[in-house]
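Coordinate inspection notes
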Amino acid sequence: MSVVELPAGIIVGVDAENISEQSTFTLTEDTCADRRVVTVPSVDAATAELAARLKHWPQAAAVCDDVLRAVDPGAPAFRGLITESLAYSTLQSGREFARWLAERGPARVPEIPDPVQAERDGNTLRIRFNRPSRHNAFSTDTRAALLEALDVARYDTSVDEVVLSGNGPSFCSGGDLAEFGTFSDPASAHLARTRYSPALVLDALTARLGSACRAEVHGQVLGSGLEMAAFCGHVAAAPDSVFGLPELSLGLIPGAGGTVSVTRRIGRWRTAYLVLTGHTVGPATALAWGLVDAVG
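Residues numbered from 1 in each chain as written. Predicted model: local features only at pLDDT ≥ 70, side-chain atom pairs only at ≥ 80, totals over all residues. Heavy atoms only, no water.

As for the pattern of salt bridges
Enumeration over the complete set of coordinates arrives at 12 salt bridges. Across the pair Arg120 and Asp156 runs a salt bridge, and its minimum N-O distance is 2.7 Å. Taken together, the residues Arg120 in strand S5 (residues 116-121) and Asp156 in the loop between helix H5 (140-155) and strand S7 (161-166) connect sequence positions 36 residues apart. Assessed through its relative accessible area of 38%, Arg120 is described here as partly exposed. Using a relative accessible area of 27% as the deciding quantity, one classes Asp156 as partly exposed. (Salt bridge = Lys/Arg side-chain N within 4 Å of Asp/Glu carboxyl O. Helix = DSSP H or I, 4+ residues; strand = E, 2+ residues; numbered from the N terminus. Buried < 20%, exposed > 50% of the residue type's maximum accessible area, 1.4 Å probe, protein only.)

Some points on the sheet that holds strand S1 (residues 3-5)
The strand order S1-S2-S3-S4 describes an open sheet built from 4 strands, whose pairing is mixed. The open sheet terminates on both sides in strands that have one partner only, identified here as S1 and strand S4 (37-39). Shown here is a sheet whose adjacent strand axes are inclined to one another by a mean of 30°, direction ignored. Packing against the sheet, helix H9 (residues 258-277) makes contact with strand S3 (25-28) and S4, and its axis sits at approximately 75° to S3. (Pairing = 2+ DSSP bridges. Axes fitted to C-alpha atoms, helices over the stretch in contact; angles between N-to-C directions. Contact = heavy atoms within 4.5 Å.)

Side note on the environment of Asp114
Examined against the element boundaries, Asp114 turns out to sit in the loop between helix H4 (95-104) and S5. Looking at Asp114, the relative accessible area reads 54%, which means it is exposed. In the structure, Asp114 is positioned 157 residues away from Thr271 in sequence and 32 Å away in space, judged by C-alpha atoms.

A few points about the nonpolar core
Formed by 80 residues in total, the largest nonpolar core has its most connected members in Phe243 and Leu276. The element that contributes the greatest number of residues to this core is H9, accounting for 9 residues. Filtering out sequence-adjacent residues up to four positions away, Leu276 remains in contact with Ile10, Thr24, Phe25, Leu50, Arg53, Leu54, Ala61, Cys64 and Leu248. (Core = buried A, V, L, I, M, F, W, Y, C linked by side-chain atoms within 4.5 Å.)

Observations regarding helix H3 (residues 77-92)
In this model, H3 (16 residues) spans 22 Å end to end at C-alpha, consistent with the 22 Å of a helix rising 1.5 Å per residue. On its buried side, H3 packs onto helix H2 (58-70), H4, helix H6 (186-195), helix H7 (198-209), helix H8 (224-229) and H9. (Expected span 1.5 Å × (residues − 1).)

Observations regarding H6
Looking at H6, one finds that the buried residues are Ala189, His190, Ala192, Arg193 and Thr194. In this fold, the buried residues of H6 make contact with H3, H5 and H7. Between a side-chain oxygen at the N-terminus of H6 and the backbone nitrogen of Ala187 the separation is 3.0 Å; the capping residue is Asp185. (Polar contact = N/O pair within 3.5 Å; in protein donor to acceptor, adjacent residues only side chain to side chain.)

Things to note about the pairing of strand S6 (residues 124-129)
In the case of a regular strand, side chains alternate between the two sheet surfaces. Across the 6 residues of S6, 5 count as buried, placing the element largely inside the fold. Bridge analysis of S5 against S6 gives 6 bridges, and the strand direction is antiparallel. Each bridged residue has a counterpart across the sheet, and for Glu119 the counterpart in S6 is Arg126. With antiparallel pairing between neighbouring strands as the criterion, S5 and S6 make up a hairpin whose turn holds 2 residues, including Gly122 at a positive phi of roughly 65°. As paired elements, S6 and S7 share 6 bridges and run parallel to each other. Directly across from Arg128, in S7, lies its bridge partner Ser165. Crossover handedness for the path S6 to H5 to S7: right-handed. (Right-handed = clockwise from strand over helix to strand, strands pointing away.)

Details of the pairing of strand S10 (residues 234-237)
Every second residue of S10 is oriented toward a common face, the buried set being Val235 and Ala237 and the non-buried set His234 and Ala236. Sheet analysis places S10 next to strand S12 (residues 294-295), joined by 2 bridges and oriented parallel. The residue bridging Ala236 from the neighbouring strand is Ala294, located in S12.

Let's talk about the side chain of Ser224
By the secondary structure assignment, Ser224 is in helix H8. A relative accessible area of 9% places Ser224 in the buried class. When neighbours within four sequence positions are excluded, Ser224 is seen to be in contact with Phe138, Cys172, Gly174, Gly175, Glu247 and Ala256.

As structure tokens, then:
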């Protein structure tokens, strides 16, 4: 067993032949199908890069590791989302998020009409993110419109297929950064995330419809975009798709259910890798890991 202790209490394994269950994940330079292991070009370079990143965001990194170890992906999604959201709200009150807000400076969310388009074709409900000029960045008005569209399928059981996609160059690039920090307090933000959660509706629809609740993704599939897509029973990715969880660079963790949905698909170890490194993966890796179900 060989491990490296990094800042924020993160322990990374560097011996895929003797994996420590204490490790956040294990790195190797060889091909390995084990979900606890990530293949990288150079283990030494990867650990050095990760150490520098964790030194810059130690609070968010530690909380991410705690949440991923605490969440049971096999339990009802609501439990995991509550744990995730409370941790997210804690970080919203922390110095690392405050530092990011100060560096970003003042910002204004542009008003874009019809942020979500929905149409029914027989028993199929097609829902499309519709903020193409911002790569369908997820905003409060997008969430409200998405919930309204999803409620059609939630309450009308004659809908037997739901297809989630995005207009323009990307499926969804994650939360709209111009909107971050606009809630009056973290408690209000927590209640909004958990009482008005598209993730929970998508989880319920997938429980009912299975692979007939599907996401068709392309371009940027980042942050909340990836987190919501992963709740669907089937995810089909275009060849130009790029997947990632960039929240650590804001001093945060995934906050749209990703600690549940992504972990269900690829395990807590590779989820931690995506969050802590900030690296993205392409469709081939996403397919090999089980993050998506088809590419084409």
